[in-house]
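If you want the building blocks of each chain, they are given just below.
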Amino acid sequence: VLPSVCPPAGGAAAALQALNATAKFVATPEGTALAYGSLVFMALLPIFFGALRSVTCSKSKNAADMPETITSRDAARFPIIASCTLFGLYLFFKVFSQEYINLLLSVYFFVLGVLALSHTMSPLMSRIFPASFPNKQYQLLFTQGSGESKEEIVNYEFDTKNLVCLLISSVVGVWYLLKKHWIANNLFGLAFALNGVELLHLNNVSTGCILLGGLFVYDVFWVFGTNVMVTVAKSFEAPIKLVFPQDLLERGLEASNFAMLGLGDIVIPGIFIALLLRFDVSLKKNSRTYFYSSFLAYIFGLGLTIFVMHTFKHAQPALLYLVPACVGFPVVVALFKGELTEMFSYESSEEVLPGSPRLTSFPTVSGSPASLASSMDAVSMATGSSPRRRRLQPTSM
């Protein structure tokens, strides 16, 4: 399951909730408003920019940079896989030492987070560096075997600009490893969420409805039906949730009483919103009606989640409110405009070049650091497995 959508944020996950429940701190109205407002703002950033980048990503001619396509079969299996993973983590935390599990997870997310953040920063850095900057090209190649059985394990192409991105990202990664500071956590979390929205593509609206509907049930069951979601959310020390302190005004950057939002509650609706943006582009009407309607629906659904949670003082499954809003608003708009049939018949994969990998066909670890981060992030986000190796053709002398 996605590291950017990993339980408890995994398949759409742990609802907004105040952490450090054992603390006797009572948040002020100003601190609470600042925390929830910041969470909403941070949630909107990866959805908006990830959706925009998904349009460019779908038109990429570089096979290594192409997105992963989620089919209806993948969508139907996802809640089951997410449930098994979530419950497995719950049992792990009950049986084994939480300290050692989180140590392993920290190292894993350090590597993945550095690559994801580097991928996120890469376009910005390309604009910052002047044209006169000496940008040298490098390649790191590892192969296994020889002759016809020769396989490419890693083909890592990068340049000087990519090295700068990796260096900056590594500094953030070390900061996160050593301090587990909430700002470093959020930088990695935002990078994971943006990569997820950008690189995971639903092939059509029906698939999106299947995925969101399945995770709607998943989210409600694990939050209201059991204590599994909340337990894992509190035990899982990894940048798979955005956090913001409610006591920031009193304690500054050393604040420790957090409100949180699982990345699944960002990425899952986000990939559906990105699909609707690509549908807007396909209509060639110079309009973004469906994107803006679903984007506003997300704001409404997340605001409703916060309101209900704050009113009843209980953790809420955000998808309980986000799914009806994000699906219902665009459908109503399509009915009003008479484009419902067009919306449900739209195939996002038609705009991707032939040979684009599906979710069940993993990309190779090759290309630039941006494409390597894309490959590793998308693959791990899909199944937690390693990329498939590619067989090398022997060169003729």
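Residues numbered from 1 in each chain as written. Predicted model: local features only at pLDDT ≥ 70, side-chain atom pairs only at ≥ 80, totals over all residues. Heavy atoms only, no water.

### Things to note about the overall build of the protein
Scanning the protein for helices and strands turns up 13 helices and 9 strands. The 397 residues of the protein split such that 54% are buried. Counting every atom, the protein has about 17,700 Å² of accessible surface; 66% of that belongs to carbon and sulfur. (Helix = DSSP H or I, 4+ residues; strand = E, 2+ residues; numbered from the N terminus. Buried < 20%, exposed > 50% of the residue type's maximum accessible area, 1.4 Å probe, protein only. Areas by Shrake-Rupley, 256 points an atom, 1.4 Å probe, with all protein chains shown as cover.)

### Here we look at the UniProt feature "transmembrane region" (unreviewed entry) in the protein
The positions UniProt marks with the feature "transmembrane region" (unreviewed entry) are residues 33-55, 75-93, 99-117, 184-202, 209-233, 258-277, 289-312 and 318-336. As a span, residues 33-55 carries 100% helix and 0% strand, and end to end its C-alpha atoms are 34 Å apart. End C-alpha to end C-alpha, residues 289-312 measures 34 Å, and it is 100% helix and 0% strand. (UniProt positions renumbered as here; feature names shortened; annotations may be inferred.)

### Looking at the packing of aromatic side chains
Evaluation of the coordinates by the stated rule reveals 19 aromatic pairs. Seen in terms of ring centroids, F279 and Y290 are 5.2 Å apart; in terms of plane orientation they differ by 55°. Their pairing is tilted. Residue F279 is located in helix α9 (residues 264-283), and its partner Y290 is located in helix α10 (residues 289-312); the two are separated by 11 residues in the primary sequence. Three or more aromatic residues link up through ring pairs in this structure, and these residues are F48, F49, F291, Y292 and F295. (Phe/Tyr/Trp six-rings, centres within 6.5 Å; stacked < 30°, edge-to-face > 60°.)

### Re unusual backbone geometry
Positive phi, normally seen in glycine, also occurs at K180, with a value near 50°. Positionally, K180 belongs in the loop between α4 (160-179) and α5 (182-199). Judged by relative accessible area, which is 32%, K180 ranks as partly exposed. In this model, N286 sits at a positive phi of 55°, which is unusual for a non-glycine residue. Here N286 shows up in the loop between α9 and α10. You can call N286 exposed: its relative accessible area is 75%.

### Quick word on the pairing of strand β4 (residues 151-159)
Sheet topology places strand β3 (residues 137-144) next to β4; 8 bridges connect them, and they run antiparallel. Bridge pairing links L140 to Y156 in β4. In textbook terms, the turn of a hairpin is the stretch between consecutive antiparallel strands, and for β3 and β4 this stretch comprises 6 residues, one of which, G145, has a positive phi near 85°. (Pairing = 2+ DSSP bridges.)

### Points about the environment of F236
Tracing the chain through its elements places F236 in the loop between α7 (228-235) and β6 (241-245). For F236, a relative accessible area of 2% gives the class buried.

### Some thoughts on the side chain of E339
Considering the arrangement of structural elements, one finds E339 in the loop between α11 (319-337) and α12 (340-345). Within polar-contact distance, the side chain of E339 engages the side chain of K285 at 2.4 Å. With sequence-adjacent residues up to four places away left out, E339 is seen in contact with L283, K285, Y290 and A334. (Polar contact = N/O pair within 3.5 Å; in protein donor to acceptor, adjacent residues only side chain to side chain. Contact = heavy atoms within 4.5 Å.)

### Looking at the nonpolar core
Core analysis: the largest hydrophobic core is formed by 95 residues, its most contacted members being L39, L211, V232, F236, I266 and Y298. A per-element tally of this core places α9 first, with 12 residues. (Core = buried A, V, L, I, M, F, W, Y, C linked by side-chain atoms within 4.5 Å.)

### Notes on a nonpolar patch on the surface
There is a patch of nonpolar side chains on the surface, built from F300, L304, F307 and F329 and spanning about 390 Å² of accessible area. Ranked by the residues each element gives to the nonpolar patch, the list is headed by α10, at 3 residues. With respect to the helices and strands, F307 occurs in helix α10. For F307, a relative accessible area of 55% translates into the label exposed. (Patch = residues over 30% accessible without salt bridge, like charges linked within 9 Å, V, L, I, M, F, W, Y side chains within 5 Å. Salt bridge = Lys/Arg side-chain N within 4 Å of Asp/Glu carboxyl O.)

### Regarding the confidence of the model for the protein
Scored by pLDDT, the protein comes out at a mean of 80, with 79% of its residues at no less than 70. In the predicted structure, residues 1-23 sits below a pLDDT of 50 and forms 122 contacts with residues beyond four places in sequence or in another chain. The low-confidence segment residues 351-397 (pLDDT under 50) makes 130 contacts with residues lying over four places distant or belonging to another chain. (pLDDT = per-residue confidence, 0-100.)

### Section: the packing of helix α3 (residues 98-128) against α5
Remark: α3 packs on α5, axes separated minimally by 8 Å, with the N-to-C direction vectors making an angle of 65°. When the axes of α3 and α5 are compared, the pair comes out roughly perpendicular. Note that α3 runs across α5; the crossing there is left-handed. For the pair α3 and α5, the contacting residues are F109, F110, L112, G113, V114, A116, L117, H119 and T120 in the first and L187, F188, A191, F192, L194, N195, E198 and L199 in the second. For the contact of α3 with α5, a count of residues per class yields 12 nonpolar, 4 polar and 1 charged. (Axes fitted to C-alpha atoms, helices over the stretch in contact; angles between N-to-C directions. Parallel < 35°, antiparallel > 145°, perpendicular 65-115°, else oblique. Left-handed = near helix turned anticlockwise from the far one by under 90°. Nonpolar A, V, L, I, M, F, W, Y, C, P; charged D, E, K, R; others polar.)

### Comments concerning the environment of F300
Along the polypeptide, F300 turns up in helix α10. Accessibility expressed as a relative area gives 47% for F300, which makes it partly exposed. Taking the C-alpha atoms as reference points, F300 and C326, separated by 26 residues in sequence, lie 9.1 Å from one another. Apart from the residues within four sequence positions on either side, F300 is in contact with A325 and F329.

### Describing the packing of α4 against α5
Taken N-terminus to C-terminus, the directions of α4 and α5 make an angle of 130°; their axes are 9 Å apart at the nearest point. Classed by the angle they form, the pair α4 and α5 counts as oblique. Crossing of α4 against α5: the hand is left-handed. Only I183, A184, N185, L187 and F188 of α5 make contact with α4, whose side of the interface consists of S169, V172, G173, W175 and Y176. When grouped by side-chain class, the residues that make up the contact of α4 with α5 number 7 nonpolar, 3 polar and no charged.

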